[in-house]
Amino acid sequence: MRSSSLTPMALAVLECLHECPRHPYDIHQTMQEREVWRLVKLTTGSLYHTIERLAVDGLIEVVETSRAGRRPERTTYRVTEAGRDAFAAKLRSMLAEPSVEYPQYPVAVGFMHELELEDALFQLRRRTIVLEAQLAADRVIERDRKSTRLNSSH
């Protein structure tokens, strides 16, 4: 698989596996805790499909398959060297190269001339407040995550 064909979900899975080997349920739980759904559409089906595709493409590999009690078997995966390289290449290109995207905001900006000027400015101020609040929350989450990592390493 070329790094250019990695989806946002594939990047999220690879990012999660950079830390340690995990089984799909653990990957899903970690993504939920980190609110990855803010970045990518997170569904169980798409997660399992992505893991399967990454394994077929050699970007992740099976570490072990185990069963605890009456639970179903759990297959644990880890990222391969090829997976690390593809992840880094895709991330670099996404950061460096502008791309054509079709999210809602550019559409809204393109058509906002249809609103009264004061209304458009009011809506943009509301957006600024929401983004500032999200940024503050993300900073708290990241600070707590770093603190947890530091405390667990001691």
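Residues numbered from 1 in each chain as written. Predicted model: local features only at pLDDT ≥ 70, side-chain atom pairs only at ≥ 80, totals over all residues. Heavy atoms only, no water.

Even after reading the chapter, I still don't get the overall build of the chain, so can you show me in this structure?
A count of helices and strands for the chain gives six helices and two strands. Reading the helices (α) and strands (β) of the chain from amino to carboxyl end gives α-α-α-β-β-α-α-α. Computed over C-alpha atoms, the radius of gyration of the chain comes to 20 Å, more than 25% over the 15 Å expected from 2.2 N^0.38 for 154 residues, which places it beyond the range of a compact globule. Oriented by its inertia axes, the alpha-carbon framework of the chain measures out at about 60 × 40 × 30 Å. In the chain, once contacts between residues fewer than 6 apart in sequence are set aside, the share between residues at least 24 apart is 55%. As displayed, the chain has an accessible area near 11,200 Å², and 56% of this comes from carbon and sulfur atoms. Counting 22 positive and 22 negative side-chain charges, the chain places the centres of these two groups 5 Å from one another. (Helix = DSSP H or I, 4+ residues; strand = E, 2+ residues; numbered from the N terminus. Rg over C-alpha atoms; globule rule 2.2 N^0.38 Å. Contact = heavy atoms within 4.5 Å. Areas by Shrake-Rupley, 256 points an atom, 1.4 Å probe, with all protein chains shown as cover. Lys, Arg positive; Asp, Glu negative; His and termini not counted. Charge placed at Lys NZ, Arg CZ, Asp CG, Glu CD.)

Is there a simple way to think about the packing of helix α1 (residues 8-19) against helix α2 (residues 24-33) in this case?
To describe two helices that pack against each other, one gives the angle between their axes and the distance between the axes. Packing of α1 against α2 leaves a shortest axis separation of 10 Å and a crossing angle of 100°. As far as their axial angle goes, α2 and α1 are roughly perpendicular. Where α1 abuts α2, its residues Met9, Ala12, Val13, Cys16 and Leu17 lie against Ile27, Thr30 and Met31. Taken together, the residues of the contact of α1 with α2 sort by class into seven nonpolar, one polar and no charged. (Axes fitted to C-alpha atoms, helices over the stretch in contact; angles between N-to-C directions. Parallel < 35°, antiparallel > 145°, perpendicular 65-115°, else oblique. Nonpolar A, V, L, I, M, F, W, Y, C, P; charged D, E, K, R; others polar.)

I'm lost on the packing of α1 against helix α4 (residues 81-96) in this one. Help?
Contact geometry of α1 with α4 gives a least axis separation of 10 Å together with a crossing angle of 125°. With respect to each other, α1 and α4 are oriented oblique. Remark: the crossing between α1 and α4 carries left-handed chirality. Together, Leu11, Leu14, Glu15 and His18 of α1 and Gly83, Arg84, Phe87, Lys90 and Met94 of α4 make up the contact between the two elements. Residue classes in the contact of α1 with α4 are distributed as four nonpolar, two polar and three charged. (Left-handed = near helix turned anticlockwise from the far one by under 90°.)

Just checking my understanding: could you explain the pattern of salt bridges for this structure?
Two side chains of opposite charge can pair, provided their charged atoms sit close to one another. Taken as a whole, this structure holds nine salt bridges when the rule is applied. The residue Glu19 makes a salt bridge to Arg34 at a minimum N-O spacing of 2.7 Å. Here Glu19 is found in helix α1, whereas its partner Arg34 is found in the loop between α2 and α3 (44-56), with 15 residues between them in sequence. Its relative accessible area of 24% is what places Arg34 among the partly exposed residues. Between Arg78 and Glu61 there is a salt bridge, with its nearest N and O atoms 2.7 Å apart. (Salt bridge = Lys/Arg side-chain N within 4 Å of Asp/Glu carboxyl O. Buried < 20%, exposed > 50% of the residue type's maximum accessible area, 1.4 Å probe, protein only.)

Got a minute to help me understand the nonpolar core in this structure?
Buried together is how nonpolar side chains tend to be arranged in soluble globular proteins. In terms of nonpolar packing, the biggest core is built from 23 residues, with Leu6, Val13, Ile27, Met31 and Leu54 touching the most fellow members. Counting residues per element, this core draws most heavily on α1, at eight residues. When near neighbours in sequence (up to four residues on either side) are disregarded, Met31 contacts Met9, Ala12, Val13, Val36, Leu42 and Leu47. (Core = buried A, V, L, I, M, F, W, Y, C linked by side-chain atoms within 4.5 Å.)

Explanation requested: the side chain of Arg22 in the structure shown.
By the element assignment, Arg22 lies in the loop between α1 and α2. With a relative accessible area of 8%, Arg22 lands in the buried category. A distance of 3.3 Å separates a polar atom in the side chain of Arg22 from the backbone oxygen of Cys16. A distance of 3.1 Å separates the side chain of Arg22 from the side chain of Thr30, its partner in a polar contact. Arg22 has contacts with Cys16, Leu17, Ile27, Thr30, Arg34, Thr75, Thr76 and Tyr77, leaving out every residue within four places of it along the chain. (Polar contact = N/O pair within 3.5 Å; in protein donor to acceptor, adjacent residues only side chain to side chain.)

Looking at this structure, how should I read the environment of Leu131?
Position of Leu131 relative to the elements: it lies in helix α6 (residues 117-152). For the pair Leu131 and Met112, spaced 19 residues apart in sequence, the C-alpha separation works out to 19 Å.

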